[in-house]
Amino acid sequence: MPITATGRTLEVQPDDRSAATRLSVLHTKLEPPKARPGIIERPRLIDAARASGTSLVALIAPAGYGKSSAMAQIARAEGRPLAWLSADARDSDPATLARSLSASLSAIAPLPEGVVRAVEAPGRSLWAVGIPRLASAVAGGDPITIAIDDVD
């Protein structure tokens, strides 16, 4: 990432920063759990989710039951580009959720600059401009998997 030195201050040029950084989203929120040795594989759950024919799969179980790991396994089995978001309490705000989803999607492929600008500081135009631009950027492309962990 190019950094320009100005006197004693280092400045990152806005166009050179990642969408996650510009949108104030921690990169750790955008990474699915890694497949580690000893993780319990769930082939029946993966097969059932993939064979369901639905566009939305929800995993519901108490804390500690391996929902995140199972969801990552299902997403990896799909073989499509994966946009992962580990949601937290801040994502209950629509503008924050839009920024988080945009950052997650930009990890697959860069989003058009107009989309990033529209969700970066949406103000009152989030629903009128930001969300429609984000939806248009994703629609019509190759199939992707969007996984949102910890929605509850």
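The structure we're discussing is the one just above.
Residues numbered from 1 in each chain as written. Predicted model: local features only at pLDDT ≥ 70, side-chain atom pairs only at ≥ 80, totals over all residues. Heavy atoms only, no water.

1. Thoughts on the overall build of the protein chain
Check the secondary structure of the protein chain and you find six helices and four strands. Listing each helix as α and each strand as β along the protein chain from the N terminus yields β-β-α-α-α-β-α-α-α-β. Put simply, the protein chain has 152 residues, and 30% of those count as buried. Within the protein chain, contacts between residues separated by at least 24 positions form 65% of all contacts whose residues are at least 6 apart in sequence. On the protein chain, roughly 9800 Å² of surface is accessible, and the fraction owed to carbon and sulfur atoms is 57%. (Helix = DSSP H or I, 4+ residues; strand = E, 2+ residues; numbered from the N terminus. Buried < 20%, exposed > 50% of the residue type's maximum accessible area, 1.4 Å probe, protein only. Contact = heavy atoms within 4.5 Å. Areas by Shrake-Rupley, 256 points an atom, 1.4 Å probe, with all protein chains shown as cover.)

2. Notes on the pairing of strand E4 (residues 145-149)
Burial along E4 is one-sided: Thr145, Ala147 and Asp149 are buried, while Ile146 and Ile148, pointing the other way, are not. With five bridges joining them, strand E3 (residues 82-86) and E4 adopt parallel strand pairing. Residue leucine 85 lies in a different strand from E4, and its bridge partner there is isoleucine 148. (Pairing = 2+ DSSP bridges.)

3. A word on the layout of surface pockets
If you add up the space inside the largest pocket, you get close to 830 Å³. Around the largest pocket, the lining is made up of 30 residues, and of these Leu56, Val57, Ala58, Met71 and Ile146 lie nearest the centre. At the level of elements, helix H2 (43-51), helix H3 (67-78) and E4 are the ones that each hand at least two residues to the lining of the largest pocket. Considering each element in turn, the lining of the largest pocket owes the most residues, six residues, to H3. (1 Å grid on protein atoms, 1.4 Å probe; cavity = no way out; pocket = protein on both sides within 12 Å on 5 of 7 lines; lining within 4 Å. Points joined across faces, edges and corners; volume = space filled by probe spheres on them.)

4. Focus on a nonpolar patch on the surface
A cluster of nonpolar side chains, namely Ile146, Ile148 and Val151, defines an oily patch on the protein surface of about 260 Å² accessible area. Tracing the chain through its elements places valine 151 in the segment after E4. Classification of valine 151 by relative accessible area gives exposed; the value is 63%. (Patch = residues over 30% accessible without salt bridge, like charges linked within 9 Å, V, L, I, M, F, W, Y side chains within 5 Å. Salt bridge = Lys/Arg side-chain N within 4 Å of Asp/Glu carboxyl O.)

5. Considering helix H4 (residues 94-106)
Here H4 is 13 residues long and its end C-alpha atoms lie 18 Å apart, about the 18 Å a rise of 1.5 Å per residue gives. Of all 13 residues making up H4, eleven are buried, and the element is well covered by its neighbours. Those residues of H4 not exposed but buried are Ala95, Thr96, Ala98, Arg99, Ser100, Leu101, Ser102, Ala103, Ser104, Leu105 and Ser106. Residues of H4 that are buried make contact with helix H1 (19-22), E3, helix H5 (113-120), helix H6 (126-138) and E4. (Expected span 1.5 Å × (residues − 1).)

6. What to know about the packing of H4 against H6
Remark: H4 packs on H6, axes separated minimally by 11 Å, with the N-to-C direction vectors making an angle of 20 degrees. Between H4 and H6, the interaxial angle falls into the category roughly parallel. The way H4 lies across H6 gives a crossing that is left-handed. Along the contact surface, H4 presents Pro94, Ala95, Ala98, Ser102 and Leu105, while H6 presents Leu126, Trp127, Ile131, Leu134 and Val138. (Axes fitted to C-alpha atoms, helices over the stretch in contact; angles between N-to-C directions. Parallel < 35°, antiparallel > 145°, perpendicular 65-115°, else oblique. Left-handed = near helix turned anticlockwise from the far one by under 90°.)

7. Here's the deal with the packing of H2 against H3
In contact at an axis separation of 9 Å, H2 and H3 are set at 55 degrees when each is read in the N-to-C sense. When the axis of H2 is compared with that of H3, the two are oblique. For the element pair H2 and H3, the recorded crossing hand is right-handed. Contact with H2, carried on its side by Leu45, Ile46, Ala49 and Arg50, involves Ala70, Gln73, Ile74, Ala77 and Glu78 of H3 and no other residues of that element. Here the contact of H2 with H3 is built from residues that sort into six nonpolar, one polar and two charged. (Nonpolar A, V, L, I, M, F, W, Y, C, P; charged D, E, K, R; others polar.)

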